[in-house]
Amino acid sequence: MNVNLPLPIVEPLDRSFDDTLSRIIDAKTKPPGSLGMLEAIARQIGAIQRSTRPSIRRPAMIVFAADHGIAQEGVSPYPQAVTAQMVANFLAGGAAINAISGVAACELEVVNAGVATPLASPQGLVDIPIGPGTRNFAAERAMTHEQMRAALLAGAARVDHHAALGTNVIGFGEMGIANTSSAACLMSRLCGVPIDVCVGRGTGVDDAGLAHKRRVLSAALERHRDATEPLDVLAAFGGFEIAMMTGAYLAAARARMTILVDGFIATAALLVAHALAPSVLDYCLFAHQSDEAGHRRMLEFLNAKPLLSLGLRLGEGTGAALALPLVRAAVAFINEMASFESAGVATRDTPDAEPAAR
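Within any chain, residue numbers begin from 1 and follow the written order of that chain's sequence. Only residues with pLDDT of at least 70 are given local features in this predicted model, and only at 80 or more are side-chain atom pairs given and counted; all residues enter the totals for whole chains, interfaces and linings. Only hydrogens and water are set aside when side-chain values are computed; all heavy atoms of the structure are taken into account.

Some thoughts on the environment of Ala95
A run of H or I in DSSP counts as a helix once it spans at least four residues, and a run of E counts as a strand once it spans at least two, with each numbered from the N terminus. Within the fold, Ala95 resides in the loop between helix 3 (81-92) and helix 4 (96-104). We classify Ala95 as buried; its relative accessible area is 6%. A C-alpha to C-alpha distance of 36 Å links Ala95 and His224, two positions 129 residues apart in sequence. Residues are treated as being in contact if the distance between any of their heavy atoms lies within 4.5 Å. Sequence-distant contacts of Ala95, defined by excluding residues within four places in its chain, comprise Met86, Asn89, Phe90 and Glu316. Whether a residue is buried, partly exposed or exposed follows from its accessible area with a 1.4 Å probe, protein chains only, as a fraction of its type maximum: under 20%, in between, or over 50%, in that order.

Details of the packing of aromatic side chains
How two aromatic rings sit relative to each other is set out by the distance from centre to centre and by the angle between their planes. Ring geometry is summarised as follows: Phe, Tyr and Trp rings, the Trp one being its six-membered ring, pair when their centres sit within 6.5 Å, and such pairs are stacked at plane angles under 30 degrees, edge-to-face over 60 and tilted between the two. Counted by the stated rule, this structure contains three aromatic pairs. Relative to Tyr249, the ring of Phe172 lies with its centre 5.1 Å away and its plane at 90°, an arrangement referred to as edge-to-face. With Phe172 in strand 4 (residues 169-175) and Tyr249 in helix 9 (residues 240-254), this pair connects stretches of sequence that are 77 residues apart. Like Tyr249, Phe172 is buried.

Section: the side chain of Glu39
Mapped onto the secondary structure, Glu39 falls in helix 2 (residues 37-49). For the purposes of these results, a polar contact is taken to be a pair of N or O atoms within 3.5 Å, where, inside protein, one atom must be able to donate a hydrogen and its partner to accept one; residues adjacent in sequence count only when each atom of the pair is a side-chain atom. There is a polar contact of 3.3 Å between the side chain of Glu39 and the backbone nitrogen of Gly33. Discounting residues that sit within four places of it in the chain, Glu39 has contacts with Ile25, Asp26, Lys30, Pro31, Pro32, Gly33, Ser34 and Phe333.

Side note on unusual backbone geometry
A positive phi is found at Arg58, a non-glycine position, where the angle reads about 40°. Following the sequence through the fold, Arg58 ends up in the loop between helix 2 and strand 1 (60-66).

A look at the nonpolar core
Here, nonpolar core refers to any group of buried Ala, Val, Leu, Ile, Met, Phe, Trp, Tyr and Cys residues whose side-chain atoms link them within 4.5 Å. Counting residues in hydrophobic clusters, the biggest one holds 121 residues, and the most contacted among them are Phe172, Tyr249, Ile259 and Leu270. In contact with Tyr249, other than residues within four places in its own chain, are Phe172, Ile259, Val261, Ala266, Thr267, Ala269, Leu270, Ala273 and Val280.

As structure tokens, this is what we get:
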């Protein structure tokens, strides 16, 4: 596909800070490595910010919402109208992501990327729909080249907006009935794995529904068997919210933000971004391992180690928001924790140190 798209350029991390950051972390009043993954988080954020004193400024969560034509095939037990109803719930402050974002103390933005049902209460909504949901990819490509281009650029623009406000930590969530079907097909094609290991129960299909979902998606993959390049795959199977997230990942990495990666759908968008610009992973912290079938395989494909494993499968960015306090803790310890020297605490290598009390 020749999309003529000016994708954000993502530079690999400058690893010249790694040794300095490691020395600072190892000099803290603790045994080396004893803060586990918090140390890796601190080291990564320091490298991203090119600073030995990293900071968290105006963390933000963007939730992209859109509908999927594949819902016409009965792959979800919920009607498509639920997407619009949940957008209204986000705007009213009644969803899980609202509660968890409040606990995590991060900005929350809701974006209409392409909800099919007219939205009754757009106040507070970033309303930039590409269309009233994608087409049914069981019969035709989900979106045109022009729609995909518009969605990628729109997602990048939302990140640029937050960057201008000072945000340096960001996460992405989603809402869209049938978007697990889209994510499963993206995963199957981009990771080169059978669709059966990618397909899960989503919002709760029963055994018969799961078998039907697998048949529908297997046939769709065969219909679009010529879609193999990343942007072709996105156009064939993606959703407007997934395409916006893809553009958002690339823009966030370009802006040297720390990116909190949520669950199955959000990681599917990252698969596309990674295929386009592998260095995007340098800027990513993987918040959790979803309970959705296939997410573990996605993480393995990206060689990613999740921070949490809580059995989540809600989406909305909830897992990413839950990981933000861990990121705050990592930044706090590297900035605030005393070193052995400043605290006057003997190390195991200090000559003539007094025996430790037992």
